[in-house]
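Below are the chains, spelled out letter by letter.
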Amino acid sequence: MNQDEMKQAVARAAIEYVVPGTIIGVGTGSTANCFIDELAKIKGKIEGTVASSVASAERLKGHGIPVFDLNAVDGISVYIDGADETNKHLHLVKGGGGALTREKIVAAASDKFVCIADESKLVDRLGKFPLPVEVIPMARSLVAREIIKKIGGEPVLREGFTTDNGNIILDIHNLDIMEPVKTEEILNGITGVVTNGLFAIKPANILLLGCQDGVRTLE
């Protein structure tokens, strides 16, 4: 299978984790888009969805799948989303598409987080993919200085990009993330940071990994 076929395979596999009659959390990105297209085939079996981005909400609505505001629902049975990197502990780096804050919120509101990814995303150590950090615009320089001082790396402004929340993103290049939980905590403690793209304090519960010979399940 090529990469696109792997994404489609894990999207199909994720359908098995959809709980009928409930609200489903849906992520953002190319693999999540594959899942949305698969979800459309069984849309009558679920009550609706909560989307982690405007783009995903529009794709869901385009398929005729109901989309609810998170504040309007009592809970989410499962959140299904991709990742930019994952390790064997299901610690993730997310936010390449810029939706990291809403992704983290929807994941936190969900009973279970099923991550879907192709095998190229599985790494021994996180950090090769630049780590996104969503930042209040006025704090950009302050946050960049604090990042360098506290964890190193090279924070780079994502030019011409504004999040759905009206903020900016600093992508931290040249990181070697030895302790994902500690790094996530340090970044969250910097004044001006909204959140960062490490999902380590609350990692994925299940990883569906698309491989050449099929889909592997890691828990």
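Preceding this paragraph is the structure being described.
Just so it is clear, the structure is predicted and the values come from calculations on it, not from any experiment. Counting of residues starts from 1 at the beginning of each chain's written sequence and follows it residue by residue. Since the coordinates come from a predicted model, pLDDT governs what is reported: local features require at least 70, and pairs of side-chain atoms require 80 or more to be given and counted, while whole-chain, interface and lining totals use all residues. Computation of side-chain values: all heavy atoms of the structure, hydrogens and water removed.

1. So, helix α3 (residues 54–62)
Right, on to step 1. By the burial criterion, the buried members of α3 are S56, A57 and L60. Looking down the long axis of α3, one finds its buried residues gathered within 100° of arc, a one-sided arrangement. Among the exposed residues of α3, those pointing more than 90 degrees away from its buried face are A55 and G62.
Right, on to step 2. If you follow the buried residues of α3, they end up packed against β1 (23–26), α2 (30–39) and β2 (48–51).
Right, on to step 3. Directly after α3, the chain includes G64, whose backbone phi takes a positive value near 80°. Exposure categories follow from relative accessible area, calculated using a 1.4 Å probe and restricted to protein chains: below 20% of the type maximum is buried, above 50% is exposed, and the middle band is partly exposed. Numbering goes from the N terminus for both helices and strands, where a helix is a DSSP run of H or I of at least four residues and a strand is a run of E of at least two. Note that the arc is computed from the directions linking the helix axis to the C-beta atoms. Any two residues whose heavy atoms approach within 4.5 Å at even a single point are treated as in contact.

2. Some details on the pattern of salt bridges
Between side chains of opposite charge, pairing is possible as soon as their charged atoms come close.
Right, on to step 1. Each salt bridge in this description consists of a side-chain nitrogen of Lys or Arg and a carboxyl oxygen of Asp or Glu lying within 4 Å of one another. Going through the model one piece at a time under the given rule, you end up with 10 salt bridges.
Right, on to step 2. Salt-bridge contacts for E184 lead to K104; the nearest nitrogen and oxygen are separated by 3.0 Å. Here E184, found in helix α6 (residues 180–188), pairs with K104, found in helix α4 (residues 100–108); they are 80 residues apart in sequence, far enough to count as distant. Per residue, the accessibility class of E184 equals that of K104, and both read buried.
Right, on to step 3. Across the salt bridge formed by D118 and K121, the nearest N and O atoms sit 2.9 Å from each other. Just as D118 is buried, K121 falls in that class too.
Right, on to step 4. The structure contains a network of salt bridges with shared partners spanning D81, K94 and E103.

3. Looking at the packing of helix α1 (residues 3–14) against α2
Right, on to step 1. The convention used is that axes are lines fitted to C-alpha atoms, helices contributing only their stretch in contact, and that angles between N-to-C directions extend from 0 to 180 degrees. Across the interface, α1 lies against α2 with an axial gap of 8 Å and an inter-helix angle of 50°. With respect to their mutual orientation, α1 and α2 come out oblique. Seen from above, α1 lies across α2 with right-handed handedness. For the pair α1 and α2, contact is made by K7, Q8, V10, A11, R12 and A14 and by S30, T31, C34, F35 and E38, respectively.
Right, on to step 2. Residues are grouped as follows: Ala, Val, Leu, Ile, Met, Phe, Trp, Tyr, Cys and Pro are nonpolar; Asp, Glu, Lys and Arg are charged; every other residue, Gly included, is polar. Residue composition of the contact of α1 with α2, grouped by class: five nonpolar, three polar and three charged. In these notes the angle categories are as follows: under 35 degrees is roughly parallel, over 145 is roughly antiparallel, 65 to 115 is roughly perpendicular, and the rest is oblique. Left-handed describes a crossing whose near helix is turned anticlockwise from the far helix through less than a right angle; right-handed describes the clockwise counterpart.

4. Some words on the nonpolar core
Right, on to step 1. Throughout, nonpolar core names a set of buried Ala, Val, Leu, Ile, Met, Phe, Trp, Tyr and Cys residues whose side chains join them through atoms within 4.5 Å. Of all hydrophobic cores here, the largest spans 24 residues; its most connected members are V18, F35, L39, I80 and I116.
Right, on to step 2. For this core, the element with the highest residue contribution is α2, accounting for four residues.
Right, on to step 3. Setting aside residues up to four positions removed in sequence, F35 forms contacts with A11, A14, I15, V18, V26, I80 and I116.
Right, on to step 4. V50, I76, A117 and L207 belong to the second-largest nonpolar core, a separate cluster that totals 19 residues.

5. Description of the state of the cysteines
Right, on to step 1. By disulfide we mean two sulfur atoms from cysteines, separated by a distance within 2.5 Å. Scanning the entire structure with this criterion turns up zero disulfides.
Right, on to step 2. Considering cysteine sulfurs only, C115 is the nearest to C34, which forms no disulfide, with 14 Å between them.
Right, on to step 3. With a relative accessible area of 18%, C34 lands in the buried category.
Right, on to step 4. In this model C115 remains outside any disulfide bridge; the closest cysteine sulfur is found in C211, 13 Å from its own.

6. Let's talk about the pairing of strand β6 (residues 113–118)
Right, on to step 1. For β6, the tally of buried residues reaches six of six residues, placing the bulk of the element in the interior.
Right, on to step 2. The two faces of β6 match: F113, C115 and A117 on one face and V114, I116 and D118 on the other face are all buried.
Right, on to step 3. Across five bridges, β6 lies against strand β12 (residues 206–211) in parallel orientation. Along β12, the bridge assignment pairs V114 with I206. Strands are labelled as partners when DSSP assigns at least two bridges between them.

7. A short note on the sheet that holds strand β13 (residues 214–218)
Right, on to step 1. An order of β2-β1-β3-β6-β12-β13 is seen for the six strands of this open sheet, with the pairing classed as mixed. In the strand order of this sheet, the two ends are held by β2 and β13, each with one partner. The sheet shows a mean angle of 25° between the axes of neighbouring strands, taken without regard to direction.
Right, on to step 2. Strands in contact with α4 are β1, β2, β3 (78–81) and β6; relative to β3, the strand with the most contacts, it is inclined by about 150°.

8. Some words on the packing of aromatic side chains
Right, on to step 1. Geometry of aromatic contacts follows a simple scheme: Phe, Tyr and Trp rings, the Trp one being its six-membered ring, pair when their centres are within 6.5 Å, and the pair is stacked under 30 degrees between planes, edge-to-face over 60, tilted otherwise. Inspection of every chain in the model, using the stated rule, returns two aromatic pairs.
Right, on to step 2. Clustering of aromatic rings is evident, with ring pairs tying together Y79, F113 and F199.
Right, on to step 3. The ring of F199 has K94 sitting right over it, with the charged end atom 5.6 Å from the ring centre.
Right, on to step 4. Placement of a charge over a ring requires the Lys NZ or Arg CZ to be within 6 Å of the ring centre, with the centre-to-atom vector within 35 degrees of the ring normal. Against the face of F161 rests R158, its NZ or CZ located 5.2 Å from the ring centre.

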